[in-house]
Amino acid sequence: MNKKATVLDASAIRRALTRIAHEILEKNKGVDGLMLVGIKTRGIPLANRLRDKIAEIEGVNIPIGEIDITLYRDDLSHVENTLEPTIKEARIDDNISGKKIILVDDVLYTGRTVRAGMDAIMDQGRPSQIQLAVLVDRGHRELPIRADYIGKNIPTSQEEVVVVELGETDEQDQVSIFEK
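If you're wondering where the values come from, they're calculated on a predicted model, not measured in any experiment.

The sheet built from three strands is open, its strands ordered E1-E9-E8 with antiparallel pairing. With partners counted over all chains shown, the strands left at the sheet margins are strand E1 (2-8) and strand E8 (160-165), one partner each. Pairwise comparison of adjacent strand axes, ignoring direction, gives a mean angle of 25° for this sheet. The strands touched by helix H1 (residues 10-28) within the sheet are E1, E8 and strand E9 (174-179), with E1 carrying the most contacts at an inclination of about 45°.

Below is the structure:
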């Protein structure tokens, strides 16, 4: 793959997450009943960063959880190269029933990952609401899903790949576009 451009650097990611944290607090009128749930892999560090930003603003640590959507995907045979997928457990320590869940992921593309994330959350309980926060929305939806909070809209073609790198998983913070 050839790198076309870096569209977000570390500072831009930090600013986007700060804005998203403020938008979450404004829309939900504070932190009461909120819980962040990150989708593995890069949704988890983004959820942690959002929790930290919200704590800076409000002085309250809201609960956080993480889910692995591998077995919930409707395109599992297309995603996995092996016959048996690696299964990682959901780690949601609090009861999610009645809570407003902010589902966090790095890139919103077709909507299939988000749909799988919602299914995984519903298997854990019945939240009062599920909202979606993404760092990047690149378009090309296949399902009627939209994000409530978006760090950056990046229009792309089907021949492009958006790569999110975070310090927790990739040793640097940046979002780049590559050509297939």
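The subject of this paragraph is the UniProt feature "short sequence motif: PRPP-binding" (unreviewed entry) in the protein. Per the UniProt record, "short sequence motif: PRPP-binding" (unreviewed entry) is annotated on residues 101-113. The span residues 101-113 is 15% helix and 62% strand, and its two end C-alpha atoms sit 16 Å from each other.

A few words now on the pairing of strand E2 (residues 34-39). Walk down a regular strand and you will see the side chains alternate between the two sheet faces. The buried fraction of E2 is high, at six of six residues. Both faces of E2 are covered, namely the face carrying Leu34, Leu36 and Gly38 and the face carrying Met35, Val37 and Ile39. The pairing of E2 with strand E5 (residues 100-108) spans five bridges and is parallel. Bridge pairing links valine 37 to leucine 103 in E5. Sheet analysis places E2 next to strand E3 (residues 64-67), joined by four bridges and oriented parallel.

On to the nonpolar core, then. Membership of the largest hydrophobic core comes to 30 residues, with the highest contact counts inside it found for Ile24, Leu50, Ile102, Val104, Leu135, Val136 and Val175. Elements supplying a minimum of two residues to this core: H1, E2, helix H2 (43-58), E5, strand E6 (129-137), E8 and E9. At eight residues, H1 tops the list of elements feeding residues into this core. Setting aside chain neighbours within four positions, we find isoleucine 102 in contact with Ile24, Asn28, Leu34, Met35, Leu36, Val37, Gln131, Ala133 and Tyr149. One finds Val37, Ile92, Ile101 and Val114 within the second-largest nonpolar core, a separate group that totals 18 residues.

Parameters at a glance
- Each residue is numbered by its place in its chain's sequence as written, counting from 1.
- It should be noted that, the model being predicted, local features are given only for residues of pLDDT at least 70 and side-chain atom pairs only at 80 or more, the latter also being counted only at that level, while totals for whole chains, interfaces and linings use all residues.
- Excluding hydrogens and water, the side-chain figures rest on all heavy atoms present in the structure.
- When DSSP finds two or more bridges between two strands, those strands count as paired.
- Helix and strand assignments follow DSSP, with helices taken as H or I runs no shorter than four residues and strands as E runs no shorter than two, numbered in order from the N terminus.
- Lines fitted to the C-alpha atoms define the axes, with helices restricted to the stretch that makes contact. Angles between their N-to-C directions range from 0 to 180 degrees.
- Residues are treated as being in contact if the distance between any of their heavy atoms lies within 4.5 Å.
- UniProt positions are given in the numbering used here, feature names are shortened, and annotations may be inferred rather than shown by experiment.
- Each residue gets one of three labels from its accessible area relative to the maximum for its type: buried under 20%, exposed over 50%, partly exposed in between, using a 1.4 Å probe on protein chains only.
- The nonpolar core is taken to be a set of buried Ala, Val, Leu, Ile, Met, Phe, Trp, Tyr and Cys residues, with the residues joined through side-chain atoms within 4.5 Å.

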